[in-house]
Amino acid sequence: MEEPEPKSAQRARKERAEAEGSSRRPRCVCGPSAGAPAAFHLVWSELRSRGQLCDGQLVSCDQREFPVHRVVLSAASPYFRALFTNELSPSTSRSRLDAPGHALGLVLDYVYTGSCRVTADNVQQLLPLADRLEVLGVVQLCCRFLLDQLRPDNCLGICKFARHYFCRDLEERGRKYVRRHFREILEESAELVELECDELEAILRDDELNARTEELVFEAVRAWTEWRPSERAAQLPRLLGCPRYGLMSSRFFRERVHGWSVERNPGCRDVLAPVSAYLKARHWKSGSVDRMTRPRVPHEILFAVGGWTSGSPVNFVETYDGRANRWFLCSHVDARPRAYHGMCALNGLIYVVGGYEARKERAIVRCFDPSTKQWTEKACMYQARCYVSVCATGGKIYALGGKGGLTRLSSCERYEPAANQWEMIAPMNWPRSDASCATLDGKVYVAGGYDGLFILRSAEVYDPATDQWTYLAPMRVPRAGVSLVAFRGCLYVVGGFDGRLRLSSGENYEPGQPDAWQPVPDMYVPRSNFASVVLDELIFVIGGYDGWLPISCVECYDAESNQWYVASSMNVCRSALGVCVIAGLDNARDYSYHKQTPAPRLVKQYRQKPRRVSATAVIAR
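Summarised in this report is the structure supplied together with it. (Residues numbered from 1 in each chain as written. Predicted model: local features only at pLDDT ≥ 70, side-chain atom pairs only at ≥ 80, totals over all residues. Heavy atoms only, no water.)

## Notes on the sheet that holds strand β25 (residues 506-509)
As summarised here, the arrangement of the 4 strands in space is β23-β24-β25-β26, forming an open sheet in which the pairing is antiparallel. Whereas interior strands pair on both sides, the edge strands pair on one side only; in this sheet they are β23 (483-487) and β26 (518-520). Between one strand and the next, the sheet's axes are offset by a mean angle of 30°, whatever the strand orientation. By the bridge criterion, 5 bridges tie β23 to strand β24 (residues 490-494) in an arrangement that is antiparallel. Directly across from V485, in β24, lies its bridge partner Y492. (Pairing = 2+ DSSP bridges. Helix = DSSP H or I, 4+ residues; strand = E, 2+ residues; numbered from the N terminus. Axes fitted to C-alpha atoms, helices over the stretch in contact; angles between N-to-C directions.)

Spelled out as structure tokens, the structure:
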């Protein structure tokens, strides 16, 4: 007979249970800390395989028999312990289980060896059985397997499966996957239309839903309703409260939302009447504006660091919320003002490489972790570089060329984050500073620049597998202070300085195609020494120098429409800045519209004053 638990231990256990909420909901069994680690001795498996010292037998529903050691199973599972110690007839060693033989055999494999083979064919039987038999190690293996199998076409089913068996860690990871891949789910998943109304509403109302436009949210409502129109039309007014109509175009609302919804259910007219009034007059009753016009939390955050303005480097950090089309100043600035540096994102971290600081070229590398909001020093490069080109591929960072002292450099370095160490790689075929680089299909491309005498048209590609540089077809126009980005299998080069003028023109290049560089539409504002990045399937160009002053204006290029659009301007006018995009931040809300930071007074001195020919005037034209 077991001794009663001391009252102090009972009280401590009760307080812990209340703090964790375990008194109100079942404990999650899929996490790594759900159960104590078990030891698996080789002798157990040997005795089982030889049938030695077995004192029990399990019989599956398909009449397969498994000789077992009752003490081993009792140590591995509370279920088996209760089964073997609380039987009415302790001498009975044969126990029948309502379980298929192949799944029961896998559970016993884990009990004796600590491993079992989980596959797509057996996981749906294995997880419920392991959960019922309380073999938590198998539950964890099944959950890890399902996490690796998450895809747009199955993630909703996995979430429902995890919720049914109280695997809260798996369910939460699945929900996060659903939020981040909403567009792919809408396009590819047959499970979306099988959801219950409550489940779909919870997804569509989520602030963190990664919907580039609210039109996508309505299309999900429409697809779900039309799957079973006669049954689901009654629930349509409820789901019409999910899209945020203040962020939707009036034309789409008139042509796709209003008529279709009222036709399916006349009761939708009352729901959509205030929306129609708002979209016509942009006037909303108090209390409704925030609900219908509040942007969602962006999946991707654009960071802009440093730059040159008012005759000196700055250390301002701004973030751009693409859902709200707003820039916000970040209080976690770098301690080192710098300009003409390189910058890239790798493994969720931002690396700022080299640049011009305190009137001197630097080899310093700084790293910012957006999750912890901390700056740290990393290993310095072998050579000081400003006007340097930086990119990342294959888990490594590349720093190409630049200017060191009076010399334009052709040398290149590569950084390994795990070892915190730089190594020299093959130099480029031509020295170049003020160039730009990008990565595509595991290769590093660099274009344009200045060699100390001439503005360059040439472009090169580096293959890490062979450590060799190869010339590409030259660009149509020489460009220094240029930006190069890789997007949808092509390279886009825009802007720059040709030796006489700042450029607004652009070109694109598709590797492997014989037609070399092809023109793309001009930007609104000519600029050099600016930054570019891909965000939300658009190419953004940010800041730069227009030939008169540093500018703050931002434009974006849509490859599908082949047009440029004007985006919200930065708070600080600057050129020679660095930008990068971080996707999937758990604390993305901190850098978005939902936690906006007002601009401090210090920024006012860096705002561009109106002049007769300004970037703003060019955009207006």
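## Here we look at the packing of aromatic side chains
All chains considered together, the criterion is met by 21 aromatic pairs. Here the aromatic rings of F303 and Y591 are separated by 5.1 Å at their centres, their planes lie at 65°, and the arrangement is edge-to-face. Of this pair, F303 sits in strand β4 (residues 300-305) while Y591 sits in the loop between β31 (578-583) and α18 (615-620); the two residues are 288 residues apart in sequence, bridging distant segments of the chain. With respect to burial, F303 and Y591 carry one shared label: buried. Geometrically, the ring pair formed by Y557 and W564 is tilted, given 5.2 Å between the ring centres and 45° between the ring planes. In this structure, Y557 and W564 share a single accessibility class: buried. The lysine or arginine in question, R232, covers the ring of W224, its NZ or CZ lying 4.2 Å from the ring centre. One cation-aromatic arrangement involves R502 over F497; the distance from NZ or CZ to the ring centre is 4.1 Å. (Phe/Tyr/Trp six-rings, centres within 6.5 Å; stacked < 30°, edge-to-face > 60°. Buried < 20%, exposed > 50% of the residue type's maximum accessible area, 1.4 Å probe, protein only. Lys NZ or Arg CZ within 6 Å of the ring centre and 35° of its normal.)

## Focus: the pattern of salt bridges
One pass over the structure, following the stated rule, counts 41 salt bridges. The residue D207 makes a salt bridge to R244 at a minimum N-O spacing of 2.6 Å. You can see D207 sitting in the loop between α11 (197-205) and α12 (214-227) and its partner R244 sitting in the loop between α14 (236-239) and α15 (250-264), a full 37 residues away along the chain. A single burial state applies to D207 and to R244, both of which are buried. Of the charged contacts in the structure, one is a salt bridge between E214 and R296, with a shortest N-O distance of 2.8 Å. Of the two residues, E214 is situated in helix α12 and R296 in the loop between α17 (289-293) and β4; the sequence distance between them amounts to 82 residues. You'll find E214 and R296 in the same group, each marked buried. Each of K160, R163, E171, R175 and E199 takes part in salt bridges that share partners, so that together they form one network. (Salt bridge = Lys/Arg side-chain N within 4 Å of Asp/Glu carboxyl O.)

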